[in-house]
Amino acid sequence: MKENNDIVKAYKKARANGLKAALATVVKVEGSSYRQAGARMLVTEDGQLTGAISGGCLEGDALRKALLAIHQKSNKLITYDTSNPDDLEFGVQLGCNGIVHILFEYIDENFPQNPIFFLEKTIEKRDESATITLFSMEKRSKQTGTVGLVKKESIILAAPDCISETELNEFFLKVLEKKQNILTQVSSNEILLQYIPPQTTLIIAGAGNDVKPLVETACILGWKTVVADGRATHALKKRFPLADEVLLATPEEIIKNIETDEATVFVMMTHNYNYDLALLKLIIHQPVHYIGLLGPKTRFNRMMDDLKNSGINVGEKELNKLFGPVGIDIGAETSEEIAISVIAEIKAVLSGKKGSSLKDKPEKIHTDIISI
């Protein structure tokens, strides 16, 4: 999501300065690669890069290919074979041991439904969506590119003849079910449906100094951050310039001012037991996947007892969303270390991962794209 936001902003800036641009998209990966299908990078004609399609090893050549696409005003599919040990440029130096297919699309500002249009649509509303990109491994000289966007309530197609809406809806249901990209084939074209989740919103109850690194770390990931506290001396925008919102609010006022959904996460850091308990009572049954509580296990257990004693049901469903003490065990001590620990745990939960070391993972780092 952050990558799309950055690309849209960079394109608007480039267009305001009269610069043309091309969009590079990883559309297919065979074997291992630093970035997976759906990774994007915007290239402007002055050589500025926004986003990434690799760990930096392909960007140099990709810049040249993108500038060529801009010059020729055409789309191109380029294959990088990083698994070939005899290829001094893309084999030995990369070591990714995979084949990466990258689609370069010229952005025609005179065509309203260009690729940037669809990226804008993914971020204008807080819901799940999937972009639709067509490419051909057979007819490499003729590449269609990004042609549409599908959401739960609507489908936008710039090339309506490429695939039926019925087929798209079937594919989209699979995308939503797995929350993964899907690759399928229709005639001579392959179609990549890239899953785009809604932006993560982090609600932090508490405005102490230890909250500042948490806000800063969340902003690096492109999350929306809201800081709320009942103390007028602490809940100040100037204390949290990177936060999207800073609220002087009671727990009841937080709930009234914020709309929660499955992409909303809470972290309680007020160091005020009664405030945290009051807020927890209000959100425990909300459709959120993560509620983190700062403090020792004894504090967490006491809070669970108080919830039950007040008549609030805390079953397995509720316990699965509660994380107290908050964070992954990395030996965190300082507020900056705690912020990394908490953000890592939230990211793992939202991704359906355990947050364990990759060296202990027997299978591939990345989940293979679903092909149907």
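- Under an unreviewed UniProt entry, the name given to the protein chain is Xanthine and CO dehydrogenase maturation factor, XdhC/CoxF family, and the organism recorded is Chryseobacterium profundimaris.

1. So, the packing of helix α7 (residues 273-283) against helix α8 (residues 297-309)
(1) Moving on: Axis separation between α7 and α8 bottoms out at 11 Å; the angle between their running directions is 50°. The angle between the axes of α7 and α8 places the two elements in the oblique class. Of the two possible hands of crossing, α7 and α8 adopt the one that is right-handed. Counting all contacts with α7, which are made through Tyr273, Asp276, Leu277, Leu280 and Lys281, the residues of α8 involved are Arg299, Arg302, Met303, Met304, Asp306 and Leu307.

2. Points about the pattern of salt bridges
(1) Moving on: Counted by the stated rule, this structure contains 16 salt bridges.
(2) Moving on: Between Lys152 and Glu128 there is a salt bridge, with its nearest N and O atoms 3.7 Å apart. Here Glu128 lies in the loop between α3 (115-124) and β6 (129-135) and Lys152 lies in the loop between β7 (145-151) and β8 (155-157), a separation of 24 residues in the sequence.
(3) Moving on: Residue Arg302 pairs with Asp306 through a salt bridge whose shortest N-O separation is 4.0 Å. Of the two residues, Arg302 and Asp306 are both situated in helix α8; the distance of four residues between them amounts to about one turn of the helix.
(4) Moving on: In this structure Asp306 comes out as partly exposed when scored by relative accessible area, which is 25%.
(5) Moving on: Connected through shared salt-bridge partners, Asp61, Arg64 and Lys65 make up one network.

3. Quick notes on the sheet that holds strand β1 (residues 21-31)
(1) Moving on: In space, the five strands of this open sheet follow the order β3-β2-β1-β5-β4, with antiparallel pairing throughout. Two strands lie at the open edges of the sheet, namely β3 (49-51) and β4 (76-81), each paired on one side alone. Strand-to-strand, the axes of this sheet are offset by a mean angle of 25°, without reference to chain direction.
(2) Moving on: Note: β1 against strand β2 (residues 40-44), five bridges, orientation antiparallel. Of the residues in β2, the one forming a bridge with Ala21 is Thr44.
(3) Moving on: Here helix α1 (residues 2-16) sits on the sheet in contact with β1, β2 and β3, set at roughly 10° to β2.
(4) Moving on: Against the sheet, helix α2 (residues 59-72) makes contact with β1, β2, β3, β4 and β5 (98-106), and its axis sits at roughly 60° relative to β2, the strand it touches most.

4. Things to note about a negative patch on the surface
(1) Moving on: A cluster of acidic residues, Glu216, Glu333, Glu336 and Glu337, forms a negative patch at the surface.
(2) Moving on: Inspection of the secondary structure assignment puts Glu333 in the loop between β16 (322-323) and α10 (335-351).

5. Here's the deal with the confidence of the model for the protein chain
(1) Moving on: Taken residue by residue, the protein chain gives an average pLDDT of 89. The fraction at 70 or more is 95%.
(2) Moving on: Here residues 88-94 is modelled with pLDDT under 50, and outside its nearest four sequence neighbours on either side it reaches 17 contacts, counting other chains as well.

6. Describing the nonpolar core
(1) Moving on: Of all hydrophobic cores here, the largest spans 27 residues; its most connected members are Ile254, Met268, Leu280, Ile291, Met304 and Leu322.
(2) Moving on: Where this core is concerned, the elements lending two or more residues are β11 (201-205), β12 (224-229), β14 (264-268), α7, β15 (290-293) and α8.
(3) Moving on: Sort the elements by how many residues they give to this core and α7 lands first, with six residues.
(4) Moving on: The contact partners of Ile254, leaving out residues within four places of it in the chain, are Ile203, Ala228, Ala249, Tyr275 and Leu279.
(5) Moving on: By size, the runner-up hydrophobic cluster in this structure holds 24 residues, among which are Trp223, Val227, Ala235 and Ala339.

The rules behind these values
- Residues numbered from 1 in each chain as written.
- Predicted model: local features only at pLDDT ≥ 70, side-chain atom pairs only at ≥ 80, totals over all residues.
- Heavy atoms only, no water.
- Axes fitted to C-alpha atoms, helices over the stretch in contact; angles between N-to-C directions.
- Helix = DSSP H or I, 4+ residues; strand = E, 2+ residues; numbered from the N terminus.
- Parallel < 35°, antiparallel > 145°, perpendicular 65-115°, else oblique.
- Left-handed = near helix turned anticlockwise from the far one by under 90°.
- Contact = heavy atoms within 4.5 Å.
- Salt bridge = Lys/Arg side-chain N within 4 Å of Asp/Glu carboxyl O.
- Buried < 20%, exposed > 50% of the residue type's maximum accessible area, 1.4 Å probe, protein only.
- Pairing = 2+ DSSP bridges.
- Patch = residues over 30% accessible without salt bridge, like charges linked within 9 Å, V, L, I, M, F, W, Y side chains within 5 Å.
- Areas by Shrake-Rupley, 256 points an atom, 1.4 Å probe, with all protein chains shown as cover.
- Lys, Arg positive; Asp, Glu negative; His and termini not counted.
- Charge placed at Lys NZ, Arg CZ, Asp CG, Glu CD.
- pLDDT = per-residue confidence, 0-100.
- Core = buried A, V, L, I, M, F, W, Y, C linked by side-chain atoms within 4.5 Å.

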